[in-house]
Amino acid sequence: LKHILLKHQNFNLSPDDDKLRSEYLSQIIIIIQERTSMIRNIPEQAPYFWIEPNLNRKTLLQIQNADMILEKLVSYLSHCEFTNDNLSLVLQQFSDEQKLPYGKLMALVRHSITGGMPGPGLLQVMEVLGRNAVQQRLHKAMNTLKDRTRLIK
């Protein structure tokens, strides 16, 4: 997988990039193995593990106050344990507190983190990406929404 990724022109990775560490690649293979039969297909099926996705403003705007929700979520996630099980509990609690249906929250988060691409469970993706990458992507989605708000006004 490492050799495939190094040859992939869209990823612009160097051999010592953290996104090419054996542990990171192994975690990806484990969670995506049910969705692909060939390792060489992983970069095309799940590019969000190596590059930030392009975000669709229209999709992000489908949830009212999405920028404020994402801002609160970034803060909410800043101190929690970043494991699949704990993220499930934390996101459910956040959804309840915000009075936002869990499915809508997860759609917003999936789009913010993966560009809405199908793939392994979102919580697994978040765990593998890690807190910093997840928070950076949520910030990017917030900025995308703020840019859109400026264009509308």
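Scroll up a little and you will see the structure.
The following paragraphs examine the structure supplied in this document. The structure displayed is predicted, hence computed values, not measured ones.

## Considering unusual backbone geometry
Part 1: Notably, asparagine 65 is not glycine yet its phi reads approximately 60°, a positive angle.
Part 2: Tracing the sequence through the fold places asparagine 65 in the loop between helix H4 (57-60) and helix H5 (66-77).
Part 3: The backbone of lysine 99 sits at a positive phi, close to 55°, despite the residue not being glycine.
Part 4: Here lysine 99 lies in the loop between helix H6 (84-98) and helix H7 (102-114).

## Section: the side chain of threonine 36
Part 1: Looking at where threonine 36 falls in the secondary structure, it is placed in the loop between helix H2 (22-32) and helix H3 (42-45).
Part 2: Note on threonine 36: relative accessible area 15%, which makes it buried.
Part 3: At a separation of 3.3 Å, a polar atom in the side chain of threonine 36 contacts the side chain of glutamine 45.
Part 4: Setting aside residues no more than four positions away along its own chain, threonine 36 makes contact with Asn41, Ile42 and Gln45.

## Remarks on helix H8 (residues 122-129)
Part 1: Here H8 lies mainly inside the structure; six of its eight residues are buried.
Part 2: Every buried residue belonging to H8 is among Leu122, Leu123, Val125, Met126, Val128 and Leu129, and all of these are buried.
Part 3: Count one or two residues on from H8 and you reach glycine 130, which has phi positive near 90°.

Rules and cut-offs
- Residues numbered from 1 in each chain as written.
- Predicted model: local features only at pLDDT ≥ 70, side-chain atom pairs only at ≥ 80, totals over all residues.
- Heavy atoms only, no water.
- Helix = DSSP H or I, 4+ residues; strand = E, 2+ residues; numbered from the N terminus.
- Buried < 20%, exposed > 50% of the residue type's maximum accessible area, 1.4 Å probe, protein only.
- Polar contact = N/O pair within 3.5 Å; in protein donor to acceptor, adjacent residues only side chain to side chain.
- Contact = heavy atoms within 4.5 Å.

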